[in-house]
Structure formats: C-alpha cells, structure tokens
Amino acid sequence: MKLIGRYLSPFVRRTAVTLNAYGIPFENVQIGSDDPKVMETNPVGRVPALVLDDGETLIDSNAIIDHLDHEAGPEKSLTPLSGKERREVLRTVAIAVGACEKTVAAAYEQRFRPKELVHRPWLDRLLGQAESGLKALDKQLGSNDWLCLGRMTQADISAAVAFQFVNMARPKLELEKSCPNLARLSAKLAETEAFKAAPLPS
Ligand SMILES: N[C@@H](CCC(=O)N[C@@H](CS)C(=O)NCC(=O)O)C(=O)O
C-alpha cells in the first residue's frame, strides 16, 4: 500500500496516523502536490492518495479514512460506522479538518499571489476561521481526556494533527495559550507510536 504525499500536509498526515493506529503497513511516497506524478493519482492534483495493493487508488483523506474504518470494522473503527455517535465524531472532525483547510488556503494566498496583491482582510478572515475552529475544539475538550465518546476517536487524531499543523504554520497565533486543552491532547498523542511514525517535518 502506498500513501502519496508529504506529512507537511495535514490531510496526508491524518491519513498516515490513522493507518498507523490501525497497524496497517504502508510506504509513504513523499511527493508534493506540485509534482506532476500527483496528477496521475488525482486529476485535481491534490494529496493524499492511497494506492491499494491491487492498484485501486483512493483519493481525499475523508474517503480514505472512511475506507480504513470500514476495513477495521465496527469494534475497532475510530469513527463509529453509524448513528448519533458517528455524527458527533464527524462533526468534530469537520471542525479540525476545516481549520486545516483555512490555514492551507491562507498559505496559498501568500505563496501564489504576488506580495502586493495579497488581500490582507481575506488572509485575516482565513486565519480567524482556523483559530475559531481550534478554540471550539479546545472548549469541547475542556478537562476531558478525549473529544468524543470518552475514548480516542478520529476526532482526537484530526484535532491533534490540526493543532500541530496550524501551530507550526502560524506560530504568531500562540495556540498554546489560547488552546491549552488542545495543546495537552496534542502533546499526549505526539508521544504515541502512531504519531511518532508520521512526524511533522520541521
Ligand atoms: N479534502 C482534501 C484536501 C486535500 C488538499 O487540499 N491537499 C493539499 C495539500 S495540504 C493539496 O494537495 N493542495 C494542492 C492544490 O490544491 O493545488 C483531503 O482531505 O484530502
């Protein structure tokens, strides 16, 4: 099994951590989204893609993780496969992934536009949305060990990946101060083998 994309991408990284958490071996093909080979796996030119052993290719972290969850089965799935508990985890995951999307959009605003054309109000809006999402997760977590269902779920993996990514990309947000509960969850998960085996490049 091959996971296409670098761990700098939070979408690739949450997929890698999930594969690790399920104990599924894979090879990480570290190419960036601007590599023409990415177009071969996803015509939209985005990572991650997961190439299964039989050659079938899955794209989009949500779709890939959904496949992994179904393979894991109802007992082990990090997202319940149906019902209210599933909706609770998916809602929380959507906030974490949304914070990543907004931060990536802010990075693209600065990377692809000439400096003089960067629209500061738009940039501030994107970063404000990312911060707002993380603060909501911080509030939801409170002093609990886990975000949902009293156990580790995909919500915790995605939230920790989001926290670590946004914190690295936007240190000026000082998330350790504004999201102390999330910082605690992130630090705890960073010590697990699943996270250690998919490190965020420094
Ligand atoms: N919804 C997608 C988002 C994937 C995504 O936006 N990946 C970024 C890397 S962080 C990418 O490949 N961007 C290249 C581009 O959009 O040109 C997922 O969850 O996999």
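Calculation notes
- Residues numbered from 1 in each chain as written.
- Predicted model: local features only at pLDDT ≥ 70, side-chain atom pairs only at ≥ 80, totals over all residues.
- Helix = DSSP H or I, 4+ residues; strand = E, 2+ residues; numbered from the N terminus.
- Rg over C-alpha atoms; globule rule 2.2 N^0.38 Å.
- Buried ≥ 20, exposed ≤ 12 C-beta atoms within 10 Å, placed from the backbone.
- Contact = placed C-beta atoms within 7 Å.
- Near = placed C-beta within 6 Å.
- Nonpolar A, V, L, I, M, F, W, Y, C, P; charged D, E, K, R; others polar.
- Domains from an automatic or database assignment.
- Expected span 1.5 Å × (residues − 1).
- Pairing = 2+ DSSP bridges.
- Axes fitted to C-alpha atoms, helices over the stretch in contact; angles between N-to-C directions.

1. So, the overall build of the protein
In terms of regular secondary structure, the protein is built from 9 helices and 4 strands. In the protein, the order of α-helices and β-strands from amino to carboxyl end is β-α-β-α-β-β-α-α-α-α-α-α-α. What you see for the protein is a C-alpha radius of gyration of 17 Å, in line with the 17 Å of a compact globule of 202 residues. Seen through its C-alpha atoms, the protein measures out along the principal axes to roughly 50 × 45 × 30 Å. Every one of the 202 residues in the protein was classed for burial, and the buried ones make up 37%. In the protein, once contacts between residues fewer than 6 apart in sequence are set aside, the share between residues at least 24 apart is 66%.

2. Things to note about the site of the ligand
Close to the ligand lie S9, F11, S33, G45, R46, V47, P48, D60, S61, N62 and V104, which account for all nearby residues. Split by residue class, the shell around the ligand holds 4 nonpolar, 5 polar and 2 charged.

3. Some remarks on the domain arrangement of the protein
The figure often quoted for interface size is the accessible area lost as the parts come together. Domain annotation for the protein reports domain 1 (2-72) and domain 2 (83-193). The straight-line distance from the C-alpha centre of domain 1 to that of domain 2 is 20 Å. Every contact between the two is made by 9 residues of domain 1 and, on the other side, 8 residues of domain 2. Take the side of domain 1 that touches domain 2: its biggest share by element is 8 residues, from helix α1 (residues 10-21). Within the side of domain 1 that touches domain 2, the residues separate by chemical class into 5 nonpolar, 2 polar and 2 charged.

4. Here's the deal with helix α6 (residues 154-169)
For an α-helix, the turn length of 3.6 residues means that residues three or four places apart are oriented alike. Compared with an ideal rise of 1.5 Å per residue, which puts 16 residues at 22 Å, α6 spans 22 Å between its outermost C-alpha atoms and is within 8% of the ideal. Burial analysis of α6 places 14 of its 16 residues in the buried class, which makes it a mostly covered element.

5. A few points about helix α5 (residues 120-141)
The terminal C-alpha atoms of α5, which comprises 22 residues, lie 31 Å apart, in line with the 32 Å expected from a rise of 1.5 Å per residue. In this fold, the buried residues of α5 make contact with α4 (83-112), α6, α7 (175-178) and α8 (180-190). G142 lies just past α5 and shows a positive phi near 50°.

6. Quick look at the sheet that holds strand β2 (residues 27-29)
By way of backbone hydrogen bonds, the strands of a sheet pair with one another, either parallel or antiparallel. The sheet built from 4 strands is open, its strands ordered β2-β1-β3-β4 with mixed pairing. Edge positions in the sheet fall to β2 and β4 (57-59), since each of these pairs with one other strand and no more. Strand-to-strand, the axes of this sheet are offset by a mean angle of 20°, without reference to chain direction. Looking at chain direction, strand β1 (residues 2-4) and β2 are connected through 3 bridges and run parallel. Within β2, the residue paired with K2 across the bridge is E27. Packed on one face of the sheet, α1 meets β1, β2 and β3 (49-51) and runs near 160° to β1.

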